[in-house]
Amino acid sequence: MKNKALAIGLAVALVPVVAGAWPWSRDMMNQPSIKPQEPPVIPYPKDSVPVGGPWTKVRDRDAAENLKNPIPPTPESVAKGRALFKIYCFPCHGPNGKGDGPVGKVFEVPPADLSSDYAKELTDGWIWGTITFGSYVMPPYRWDTSPEERWHIVNYIRQVLQKERGNPLVKSAKKED
Ligand code: HEC
C-alpha cells in the first residue's frame, strides 16, 4: 500500500519532466536567434547616446563642483554659449541672467541672478553641475545639452553676464542680439 502510494506520487511528480522532454514540446524560446546577454555582443554604433543621456564622469552636482573647465573662453565658445543660453536658460533666468525670465515667474523660489556676486562665487564646475543635474527646483538639462555645450554656457555666463559693460564680448553679444 505504501509502495503503491509512493509509485503514484513519483509518477505524478515526474509527469512535467517527461512531458517537457517529449519531442513536440518546443516553444518559441528554442530558436537560433541571439538571446539576451548572449555573445556576440555588437558594439554600439559611434555617437550613440545612452537612454539616460550622455555619460558624465561625475555622479552629481557635488562631485562636479571642482571640475576644471576644459574649454577656454574664446569668442567662438562664448558665441556658442550665448546661443545655448537663449534656448535653455533665458526662459527662466531672463535675457541678462537676472532671474527675470517669463517662465521663471511661476517658481516660488525665483531663478538665481546669474550676474550677481553670489553666482560669481560659484565654481565653473558647480554651474556646469547645476545644468547637468539640476538644482533644488531647477530641472536638469543633461538630456538636451552635451558636456561641451554646458562648458560653453559657463563661459558665456562668466564672460558676458558677469562682466561689467565695456567688455568687448558684451558689446559684440549685444550687437548681435
Ligand atoms: C525652468 C526654469 C529654469 C531654467 C530653464 C533654468 N533654470 Fe537655473 N534655476 C532655476 C531656479 C528656479 C533656480 C533657483 C532655485 C534652485 O536652485 O533650484 C535656478 C538656479 C540656478 C543656479 C544657481 C544654483 C545654486 O547653487 O544656487 C544656476 C547657476 C543656474 N540656475 C543656471 C542655469 C543655467 C546655466 C541654465 C540654462 C542651461 C538654467 N539655469 C536654466 C530655474 C531654471
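Per chain, residues are indexed from 1 in the order of the written sequence. For this predicted model, a pLDDT threshold of at least 70 governs which residues receive local features, and a threshold of 80 or more governs which side-chain atom pairs are given and counted, while totals over whole chains, interfaces and linings are taken from all residues.

(A) Spotlight on the overall build of the chain. Strands are runs of DSSP state E lasting at least two residues, helices are runs of H or I lasting at least four, and both sets are numbered from the N terminus onward. Helix and strand counts for the chain stand at 8 helices and 0 strands. Starting at the N terminus, the α and β elements of the chain follow one another as α-α-α-α-α-α-α-α. Taking all 177 residues of the chain together, 24% fall into the buried category. For the exposure call, what matters is how many other C-beta atoms sit within 10 Å of a residue's own: 20 or more marks it buried, 12 or fewer exposed, and in between partly exposed, using C-beta atoms placed from the backbone.

(B) Summary view of the packing of helix α6 (residues 124–133) against helix α7 (residues 147–161). Running from N to C, α6 and α7 point in directions that differ by 125 degrees, and their axes come no closer than 9 Å. The angle between the axes of α6 and α7 places the two elements in the oblique class. The element α6 and its partner α7 pack so that their crossing is right-handed. Every residue of α7 that contacts α6 at D124, I127, W128, I131 and T132 is listed here: R150, W151, I153, V154 and I157. Each residue belonging to the contact of α6 with α7 can be placed in one class, and the counts come to 7 nonpolar, 1 polar and 2 charged. Interaxial angle, 0 to 180 degrees, is taken between N-to-C directions of lines fitted to C-alpha atoms, where a helix line uses only the stretch in contact. Note on angle classes: values under 35 degrees are labelled roughly parallel, values over 145 roughly antiparallel, values of 65 to 115 roughly perpendicular, and the remainder oblique. Each crossing gets its handedness from the near helix: less than a right angle anticlockwise from the far helix is left-handed, clockwise is right-handed. Residues are defined as contacting one another if the C-beta atoms placed from their backbone atoms lie within 7 Å. Gly counts as polar in this scheme, as do all residues outside two lists: the nonpolar Ala, Val, Leu, Ile, Met, Phe, Trp, Tyr, Cys and Pro, and the charged Asp, Glu, Lys and Arg.

(C) Region of interest: the site of the ligand. Contacts to the ligand come from 24 residues, most closely from C89, C92, A112, S135 and M138. In terms of residue class, the shell around the ligand is built from 20 nonpolar, 4 polar and no charged. Only the C-beta atom matters for this test: placed from the backbone, it must lie within 6 Å of a molecule or strand for the residue to be near it.

(D) Molecular detail of the confidence of the model for the chain. pLDDT gives the predictor's per-residue confidence on a scale running from 0 to 100. Taken over all residues, the pLDDT of the chain has a mean of 85, while the share at 70 or more is 81%. Across residues 170–177, confidence stays below pLDDT 50; counting only partners more than four residues off in sequence or on other chains, it has 5 contacts.

(E) Representation of the environment of A119 within the structure. Structurally, the position occupied by A119 is in helix α5 (residues 117–121). As a C-alpha pair, A119 and I157 span 38 residues in sequence and 9.3 Å in three-dimensional space. Excluding residues that lie within four positions of it along the chain, A119 makes contacts with A112, D113, L114 and Q162.

(F) Local environment of the nonpolar core. Core membership is restricted to buried Ala, Val, Leu, Ile, Met, Phe, Trp, Tyr and Cys residues, and these are joined into a nonpolar core through C-beta atoms within 7 Å. Ranked by size, the top nonpolar core spans 19 residues in total, and within it W128, I153, V154, Y156 and I157 carry the most contacts. Counting residues per element, the ones that place at least two in this core are α3 (75–88), α6 and α7. With residues up to four places along the chain from it excluded, the contact list for V154 reads N69, D124, I127 and W128.

(G) Region of the structure containing α6. Judged by how many residues are buried, α6 sits mostly within the fold: 9 of 10 residues are covered. Among all positions of α6, only D124, G125, I127, W128, G129, T130, I131, T132 and F133 are buried. Phi turns positive one or two residues past the end of α6, at G134, with a value near 80 degrees.

(H) Representation of the environment of R82 within the structure. Here R82 lies in helix α3. In the structure, R82 is positioned 75 residues away from I157 in sequence and 8.3 Å away in space, judged by C-alpha atoms.

(I) Examining unusual backbone geometry more closely. For Q37, which is not glycine, the phi torsion reads 70 degrees and is therefore positive. By the secondary structure assignment, Q37 is in the loop between α1 (2–21) and α2 (61–64). Accessibility expressed as a C-beta count within 10 Å gives 6 for Q37, which makes it exposed.

(J) How the structure looks around α7. If you check α7, its first and last C-alpha atoms are 20 Å apart, about what 15 residues at 1.5 Å a residue would give, namely 21 Å. For α7, the buried fraction is high: 12 of the 15 residues fall into the buried class. Those residues of α7 lying buried are R150, W151, H152, I153, V154, N155, Y156, I157, R158, Q159, V160 and L161. To estimate the expected span of a helix, subtract one from its residue number and multiply by 1.5 Å.

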